[in-house]
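Residue-level listing of the chains:
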2 protein chains.
Amino acid sequence: MACTISTSPHFPCVDSILKQIPLFSGVSDALVAQFHDAAHVRAERKGKVLFIQGDQAKWFYVVVHGWVKLFRETIDGAEAIIDICTHGHMFGEHALFEDEVHGCSAQLVEDAQLVMLPISMLKNTIAENSQLALNMLTGMSRHRSKQAQEIEHLSLKNAPQRIGCFLLRLCPDDAGERATVHLPYDKTLVAARLGMKPETFSRALARLKGESLIAIQGASVTICNVDALVRYTCDHCSSTFPCEDLTS
Amino acid sequence: MACTISTSPHFPCVDSILKQIPLFSGVSDALVAQFHDAAHVRAERKGKVLFIQGDQAKWFYVVVHGWVKLFRETIDGAEAIIDICTHGHMFGEHALFEDEVHGCSAQLVEDAQLVMLPISMLKNTIAENSQLALNMLTGMSRHRSKQAQEIEHLSLKNAPQRIGCFLLRLCPDDAGERATVHLPYDKTLVAARLGMKPETFSRALARLKGESLIAIQGASVTICNVDALVRYTCDHCSSTFPCEDLTS
């Protein structure tokens, strides 16, 4: 749904997106309306920093469209990407349980439109509304499983296998023997998301090409034989293809 | 507190440990007593498998003493260690939010005594008791931060730095210039916990010794110069020493 930026107090896109996110699943319309009334909508440019690790948290966010990276920066300036969020993803809400301080930084990697919601309202409502608390627990638990699988991948899979996994998760469910997928963001960011240096990423791509598993044209990657890539990748994983555990 | 195994319905160690764990913080004595009455206490030997990834979950666990590893096994038989739990740690409860199926396997790596509590009681109580739900959310959020830092370490730190981090977290708060720490479990398990093959672990230890940062005698490791190891390790991290983010 296209959504224009407005300073008016009513945004049709906010209604639509709040009702879609798992946090508000099964929650009364009156409660969703309360969050809607307190929401701000912002359109921001690529590069905009929303918050820095250690910042006091006043807002949590839902992405309407665009891409936002969540990352932690080391003292010597390297960056570890914790997550990359897009349409319908919620982030920043965990600060609620960390003395209202953000545990990571958030920056736009593409132009994006965001809904900002007050952390204080979430805090007060969770204590009173068990459905909201359960939704939040379910969401956090899913995220925990996803992180557990990432730890598994970083521990056990080599770089070409991690790329294979990333590509297979972009495959449509009805992919046949051969499938073409589009990288959702630029290659440097894909590399960082997979915990690789750009040169490791390039070498790993070359290896997948060398083994005739993929062909690359710009941001499009053709998986030459889906079954072969599944064997190459998923035999080294605790999940089987198609994978439900980990979204990109 | 020493705890004898008993088949009687009252275990003093259960009272004591349930009151210690964050899940029951600020919760009424009556509710803790209800969980106590439904608890089983088990003493198990090293090697015992408590549950397998994919098993239906009836119980969650609290460790009284000993060590339990949580892991995921890949199709080709490799093992990724997700966590290693000891005194006061709770595990298995996340199955509640995953259709009551365990998302990882659990096996004793040392003899251990465990309290088993019914998942169904947790499920029913969380929906009614907001304090319990909030405690669970806080615990899950801490775990999520810990996993985010592990993803950062696996992405950005080399093997000697990851070992340095593990050793520094074993240091007492009042460690001076030089400190001796004891590995809490065997070296193969430390390697796996840090996402390394045993040979990588040995090479990384040799490098730390070669740079005169540590000296090793059996399961004891002397950090020859704490400040130097902090510079070597923590400059490549988003947290500073002493580190509060990640417990071993």
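Data block above holds the structure.
First things first, this report covers the structure right here in the doc. Within each chain, residues carry numbers counting from 1 in the order of the written sequence. The order in which chains are written sets their letters, starting at A; the order in which ligands are written sets their numbers, starting at 1. Local features in this predicted model are restricted to residues of pLDDT 70 or higher, and side-chain atom pairs are both shown and tallied only at a pLDDT of 80 or more, whereas totals for entire chains, interfaces and linings draw on every residue. The side-chain quantities take in all heavy atoms of the structure and omit both hydrogens and water.

Residues and elements named next belong to chain A. In this analysis an axis means a line fitted to C-alpha atoms, helices contributing only their contacting stretch, and an angle means the value between N-to-C directions, from 0 to 180 degrees. The secondary structure listing takes helices from DSSP runs of H or I that are at least 4 residues long and strands from runs of E that are at least 2 residues long, numbered from the N terminus. Look at helix α2 (residues 29-38) against helix α3 (residues 119-128): their axes get within 10 Å of each other, and the N-to-C directions meet at 165°. On the basis of the axis angle, α2 is roughly antiparallel to α3. Every pair of crossing elements has a handedness; the one defined by α2 and α3 is right-handed. The segment α2 lies against α3, with Leu31, Gln34, Phe35 and Ala38 engaging Met121, Leu122 and Thr125. When residue character is reported, Ala, Val, Leu, Ile, Met, Phe, Trp, Tyr, Cys and Pro are called nonpolar, Asp, Glu, Lys and Arg charged, and the others, Gly included, polar. For the contact of α2 with α3, the class distribution of residues is five nonpolar, two polar and no charged. Orientation labels follow simple angle bins: below 35 degrees gives roughly parallel, above 145 gives roughly antiparallel, 65 to 115 gives roughly perpendicular, and whatever is left gives oblique. Crossings are assigned a handedness: left-handed for a near helix turned anticlockwise from the far helix by less than a right angle, right-handed for a clockwise turn. Contact between two residues is taken to exist if any of their heavy atoms lie within 4.5 Å; hydrogens are not considered.

Before going further, it helps to examine the pattern of salt bridges. Where charged atoms from two side chains of opposite charge approach closely, those side chains can pair. Salt bridge, as applied in this entry: a Lys or Arg side-chain nitrogen positioned within 4 Å of an Asp or Glu carboxyl oxygen. Applying the stated criterion across every chain, the model contains 18 salt bridges over all chains. Across the pair arginine 42 of chain A and glutamate 44 of chain A runs a salt bridge whose closest N-O atoms are separated by 2.6 Å. Burial classes: relative accessible area under 20% of the type maximum marks a residue as buried, over 50% as exposed, and values in between as partly exposed (1.4 Å probe, protein chains only). Classification of arginine 42 of chain A by relative accessible area gives partly exposed; the value is 28%. Under the relative-accessibility criterion, glutamate 44 of chain A is labelled buried at 15%. Between glutamate 152 of chain B and arginine 72 of chain A there is a salt bridge, and its shortest N-O distance comes to 2.7 Å. Taken together, the positions of glutamate 152 of chain B in helix α4 (residues 130-156) and arginine 72 of chain A in strand β4 (residues 68-73) put the pair across two chains. Exposure remark for glutamate 152 of chain B: the relative accessible area of 1% places this residue in the buried category.

What follows deals with the relation of the copies chain A and chain B. Here the copies were fitted onto each other by least squares, based on C-alpha atoms from residues at pLDDT of at least 70 in both. Between the two copies, chain A and chain B, the superposition gives an RMSD of 0.0 Å; the rotation angle is 180° and the shift along the axis is 0.0 Å. Taken together, these values place the two copies in the relation of a two-fold axis. Comparing interface residues between copies, 100% of those in chain A also sit at the interface in chain B, which points to an isologous, same-surface contact.

All names here are of chain A. Running from amino to carboxyl end, helix α5 (residues 159-170) crosses helix α8 (residues 226-234) at an angle of 130°, the nearest separation of the two axes being 9 Å. Between α5 and α8, the interaxial angle falls into the category oblique. When you trace α5 past α8, the crossing you get is left-handed. Taken together, the residues of α8 that come into contact with α5 (itself represented by Pro160, Gln161, Gly164, Cys165 and Leu168) are Val226, Leu229, Val230, Tyr232, Thr233 and Cys234. Taken together, the residues that form the contact of α5 with α8 break down as eight nonpolar, three polar and no charged.

With that settled, consider the interface of chain A and chain B. Counting residues at the interface gives 46 residues for chain A, matched by 46 residues for chain B. Taken over both partners, the interface formed by chain A and chain B buries close to 4,200 Å², and the fraction arising from carbon and sulfur atoms is 61%. For the interface between chain A and chain B, the tally reads two salt bridges. Counted as a polar contact is a pair of N or O atoms within 3.5 Å, where, for protein atoms, one must be capable of donating a hydrogen and the other of accepting one, and residues adjacent in sequence contribute only when both atoms are in side chains. On inspection of chain A and its partner chain B, the count reaches 20 residue pairs in polar contact (both at pLDDT 80 or more). Put simply, buried area is the surface a 1.4 Å probe can reach on two separate parts but cannot reach once they are joined, added for both.

A word on the sheet that holds strand β9 (residues 179-182) of chain A. Residue and element names in this part refer to chain A. Pairing is antiparallel in the open sheet, where three strands are placed in the order β9-β11-β10. The open sheet terminates on both sides in strands that have one partner only, identified here as β9 and β10 (214-217). With direction set aside, neighbouring strand axes in the sheet form an average angle of 20°. Bridge count between β10 and strand β11 (residues 220-223): four bridges; the pairing is antiparallel. Note that in β11 the partner of glutamine 217 across the bridge is serine 220. In this scheme, strands are said to pair when DSSP sees at least two bridges between them.

Our focus in this paragraph is the state of the cysteines. All names here are of chain A. Here, a disulfide means two cysteine sulfur atoms that sit within 2.5 Å of each other. In total, this model carries zero disulfides over all chains according to the counting rule given. Here cysteine 85 is not disulfide-linked; the sulfur of cysteine 104 is the nearest cysteine sulfur, at 8.5 Å. Among the residues examined, cysteine 85 registers a relative accessible area of 2% and is labelled buried.

Here we come to the sheet that holds strand β8 (residues 112-118) of chain A. Residue and element names in this part refer to chain A. Read across the sheet, four strands follow the order β1-β8-β3-β6 without closing on themselves; strand pairing throughout is antiparallel. In this open sheet, the two edge strands, each paired with only one partner strand, are β1 (40-44) and β6 (90-91). As defined by bridge partners, strand β3 (residues 59-65) adjoins β6 across two bridges and the pair is classed as antiparallel. Its bridge partner lying in β6, tyrosine 61 is registered against phenylalanine 91. Where α2 meets the sheet, its contacts fall on β1, β3 and β8, and the angle it forms with β8 comes to roughly 110°.

A few words now on the pairing of β3 of chain A. Residue and element names in this part refer to chain A. Across the seven residues that make up β3, a large majority, five, are buried. In this structure, β3 lies alongside β8, joined through six bridges in antiparallel fashion. Bridged to phenylalanine 60 within β8 is leucine 117.

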